[in-house]
Amino acid sequence: MLSNRLNIDQLKTALVIPGFINEEEFREVVTEGGHSGKSPGLIILERSYLTSKELTKVVADFLHLGFVDLSQTQIDSAVLEEIPQLYAQEHRVVAFARDEHGLSVALVDPLDQSVIDHLQKASDHKVQFFAATEEDVDTMLQSYPHDYLQQLRNLIVKASRKN
């Protein structure tokens, strides 16, 4: 959950000052988190103060990151397969668009620099990164074809073109 990347003061700035939740609700969230060990983001979702999409978008905006609603996005299978399925599942990333600006990739954690570096090096395209909800990424990961042998062939062909 992207909100876990913010400390309490940052989360308060992102949520209370703009009015997404009020000061009292935020105090309750922090108190409950201290007692239960749950993250503030999870408590916000459990109490229905915000939806997962709303919380992810608010945090992405606070961090000056792009946000994509994958549930409203049609993804071509060729674009989806730009990132090998096993890597995508392990790191919870999904390629969702390709155009003249490059490849657009949604991540559950768009602050994971090792994943960003790897995808930039591995891609033949400029890569733009966007935050997305865990639910949306997990749903899109189910869209991968389950023909692992064909995916392996595609990777071999792609690698041979680079050489």
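See above for the structure.
All of these numbers come straight from a predicted model, not from anything done at the bench. Counting from 1, residues in each chain are numbered in the order their sequence is written. Reporting of local features is limited, given that this is a predicted model, to residues whose pLDDT is at least 70; pairs of side-chain atoms are given and counted only at 80 or more, and all residues count toward the totals for whole chains, interfaces and linings. By convention in this description, side-chain values take in all heavy atoms of the structure and omit both hydrogens and water.

Novice: Requested: an account of the packing of helix α1 (residues 8-15) against helix α4 (residues 52-62), with residues and values cited.
Specialist: Here α1 crosses α4 at 105 degrees, and the two axes come no closer than 10 Å. On the basis of the axis angle, α1 is roughly perpendicular to α4. Side by side, α1 and α4 meet where Q10, L11, T13, A14 and L15 of the first sit next to L55, V58, V59 and F62 of the second. Partitioning the contact of α1 with α4 into residue classes produces 7 nonpolar, 2 polar and no charged. Whenever a helix is involved, its axis is fitted only over the stretch in contact; in every case the axis is a line through C-alpha atoms, and angles between N-to-C directions fall within 0 to 180 degrees. Helix and strand assignments come from DSSP, with helices taken as H or I runs of at least 4 residues and strands as E runs of at least 2, each series counted from the N terminus. An angle below 35 degrees is treated as roughly parallel, one above 145 as roughly antiparallel, one from 65 to 115 as roughly perpendicular, and anything else as oblique. When checking whether two residues touch, look at their non-hydrogen atoms; a contact exists if any pair is within 4.5 Å. Note on residue categories: nonpolar means Ala, Val, Leu, Ile, Met, Phe, Trp, Tyr, Cys or Pro, charged means Asp, Glu, Lys or Arg, and polar means any other residue, Gly included.

Novice: Residues and numbers for the pattern of salt bridges, please.
Specialist: For salt bridges, the criterion is a side-chain nitrogen of Lys or Arg within 4 Å of an Asp or Glu carboxyl oxygen. Using the criterion set out here, one finds 13 salt bridges in the structure. D109 is paired through a salt bridge with R5; the nearest N and O atoms lie 3.1 Å apart. In this pair, D109 sits in the loop between β3 (102-107) and α7 (113-122) while R5 sits in the segment before α1, placing the two residues 104 residues apart along the sequence. With a shortest N-O distance of 2.7 Å, R47 and E32 are connected by a salt bridge. Separated by 15 residues along the polypeptide, R47 in the loop between α3 (40-46) and α4 and E32 in helix α2 (residues 23-36) bring together distant segments of the chain. Only protein chains enter the calculation, and the probe is 1.4 Å; a residue is then buried if its accessible area is under 20% of its type maximum, exposed if over 50%, and partly exposed in between. Owing to a relative accessible area of 30%, R47 belongs among the partly exposed residues under this scheme.

Novice: Residues and numbers for the packing of aromatic side chains, please.
Specialist: Only rings of Phe, Tyr and Trp enter the pairing, Trp through its six-membered ring, and a pair is recorded when the two centres are within 6.5 Å. The plane angle decides the type: under 30 degrees is stacked, over 60 is edge-to-face, the rest tilted. Evaluation of the coordinates by the stated rule reveals 1 aromatic pair. Aromatic pair F96 and F130: ring centres 5.4 Å apart, planes at 75 degrees, arrangement edge-to-face. Of this pair, F96 sits in strand β2 (residues 93-99) while F130 sits in strand β4 (residues 127-131), placing them 34 residues apart in sequence. Each member of the pair F96 and F130 is classed as buried.

Novice: Kindly report on the nonpolar core, identifying the contributing residues and their values.
Specialist: Grouped together as the largest cluster of nonpolar side chains are 27 residues, with contacts concentrated most on L70, I83, V93, V105 and L119. Contributions of two or more residues to this core are made by α5 (77-80), α6 (85-91), β2, β3, α7, β4 and α8 (134-141). We call a set of buried Ala, Val, Leu, Ile, Met, Phe, Trp, Tyr and Cys residues a nonpolar core when their side-chain atoms join them within 4.5 Å. A14, I43, A60 and A131 belong to the second largest nonpolar core, which has 17 residues in total.

Novice: Help me get a handle on the sheet that holds strand β1 (residues 66-67), residues and values and all.
Specialist: Picture the strands of a sheet paired through backbone hydrogen bonds; they go either parallel or antiparallel. For two strands to count as paired, DSSP must find a minimum of two bridges between them. The strand order across the open sheet formed by 4 strands is β1-β4-β3-β2, and the pairing between neighbours is mixed. The open sheet is flanked by β1 and β2, the only strands paired with a single partner. In terms of strand pairing, β3 meets β4 through 5 bridges, oriented parallel. Its bridge partner lying in β4, A106 is registered against F130. Packing against the sheet, α8 makes contact with β2 and β3, and its axis sits at approximately 80 degrees to β2.

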